[in-house]
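As a plain string of letters, each chain reads:
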Amino acid sequence: MPSFDIVSEFDRHEAQNAVDQANREVQGRFDFRGVDAGFELSDESVALHAEVDFQLKQMLDILRNKLIARSIDPRIMDVQDAELSGVKARQTVALKQGLEQKEAKDIVKRIKDSKLKVQAQIQGDKVRVTGKKRDDLQSVMAMLRGDEGPDLALQFDNFRD
């Protein structure tokens with residue numbers, strides 16, 4: 001029986017490359033000359049530091065563009081509030097990976113509401129969709145990618161025919 005998995009994950013190596021490119025761009029930009037600003041990737045987050053708040057906003061745009069250029073969906077970014085303290089401004093961007101239970105239930109509900117002849121079940125941090133016809137599975141993918149889909153960075157893998 002044809003099936004596929006709905007997951008939300010990103011390639012950590014590509015994220016590291018995007019952060020490195022963003023650091024190089026900040027160091028080379030004229031409006032950041034002489035400013036102590038940069039990005040640092042830890043396990044599941046990127047720390048931004050600069051001197052003032054508006055520079056953090058510019059750095060967020062740079063990071064978003066570099067992630068897009070590296071084929072990483074920018075919806076994985078969970079931007080935290082900026083911390084301002086005297087001469088420094090810091091901000092953390094969490095990189096979300098995996099589907100939370102609430103998000104998985106929402107995806108299953110959307111699939112059931114679509115009235116397609118498929119079954120969806122939650123398996124840990126992914127959702128498995130099975131159906132008799134390959135076309136029904138492709139319709140589910142199109143529906144979740146479209147306007148009626150959730151605002152999440154979704155990937156479809158493990159497609160079996």
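Caption draft 1: View of the sheet that holds strand β8 (residues 126–131). Spatially, β7-β8-β1-β9 is the arrangement adopted by the four strands of the open sheet, whose pairing is antiparallel. Two strands in the sheet have a free side with no partner beyond their single neighbour: β7 (118–123) and β9 (155–160). The sheet shows a mean angle of 20° between the axes of neighbouring strands, taken without regard to direction. Of the strand pairs in this sheet, β7 and β8 are connected by six bridges, and their pairing is antiparallel. Each bridged residue has a counterpart across the sheet, and for Gln-121 the counterpart in β8 is Arg-128. Lying on the sheet, helix α3 (residues 101–113) is in contact with β1 (3–7), β7 and β8; it crosses β7 at an angle near 175°. Sitting on the sheet, helix α4 (residues 134–145) is in contact with β1, β7, β8 and β9, with an inclination near 175° to β9.

Caption draft 2: Examining the environment of Val-7 more closely. Locating Val-7 in the fold gives a position in strand β1. Using a relative accessible area of 8% as the deciding quantity, one classes Val-7 as buried. Sequence separation of Val-7 and Asn-158 is 151 residues, and the distance between their C-alpha atoms is 9.9 Å. Once residues lying within four places of it in the same chain are set aside, the contact partners of Val-7 are Lys-126, Ala-153, Leu-154, Gln-155 and Asp-157.

Caption draft 3: Quick peek at helix α1 (residues 12–28). With 17 residues, α1 extends 25 Å between its outermost C-alpha atoms, agreeing within 8% with the 24 Å of an ideal straight helix rising 1.5 Å per residue. Taken together, the buried residues of α1 touch β2 (38–41), β3 (45–50) and α2 (53–69). Near the N-terminus of α1, the side chain that reaches the backbone nitrogen of His-13, with its oxygen 3.3 Å away, is that of Asp-11.

Caption draft 4: Inspection of the packing of aromatic side chains at higher detail. If you walk through the whole model with that rule in mind, you get two aromatic pairs. Ring centres of Phe-4 and Phe-156 lie 5.7 Å apart, and the angle between their planes is 80°; this geometry places the pair in the edge-to-face category. Residue Phe-4 is found in strand β1, and its partner Phe-156 is found in strand β9; the two are separated by 152 residues along the sequence. Here the aromatic rings of Phe-4 and Phe-159 are separated by 6.2 Å at their centres, their planes lie at 15°, and the arrangement is stacked. Here Phe-4 is found in strand β1, whereas its partner Phe-159 is found in strand β9, with 155 residues between them in sequence. Aromatic rings pair up to connect Phe-4, Phe-156 and Phe-159 into one cluster.

Rules of the game
Residues numbered from 1 in each chain as written. Predicted model: local features only at pLDDT ≥ 70, side-chain atom pairs only at ≥ 80, totals over all residues. Heavy atoms only, no water. Pairing = 2+ DSSP bridges. Helix = DSSP H or I, 4+ residues; strand = E, 2+ residues; numbered from the N terminus. Axes fitted to C-alpha atoms, helices over the stretch in contact; angles between N-to-C directions. Contact = heavy atoms within 4.5 Å. Buried < 20%, exposed > 50% of the residue type's maximum accessible area, 1.4 Å probe, protein only. Expected span 1.5 Å × (residues − 1). Polar contact = N/O pair within 3.5 Å; in protein donor to acceptor, adjacent residues only side chain to side chain. Phe/Tyr/Trp six-rings, centres within 6.5 Å; stacked < 30°, edge-to-face > 60°.

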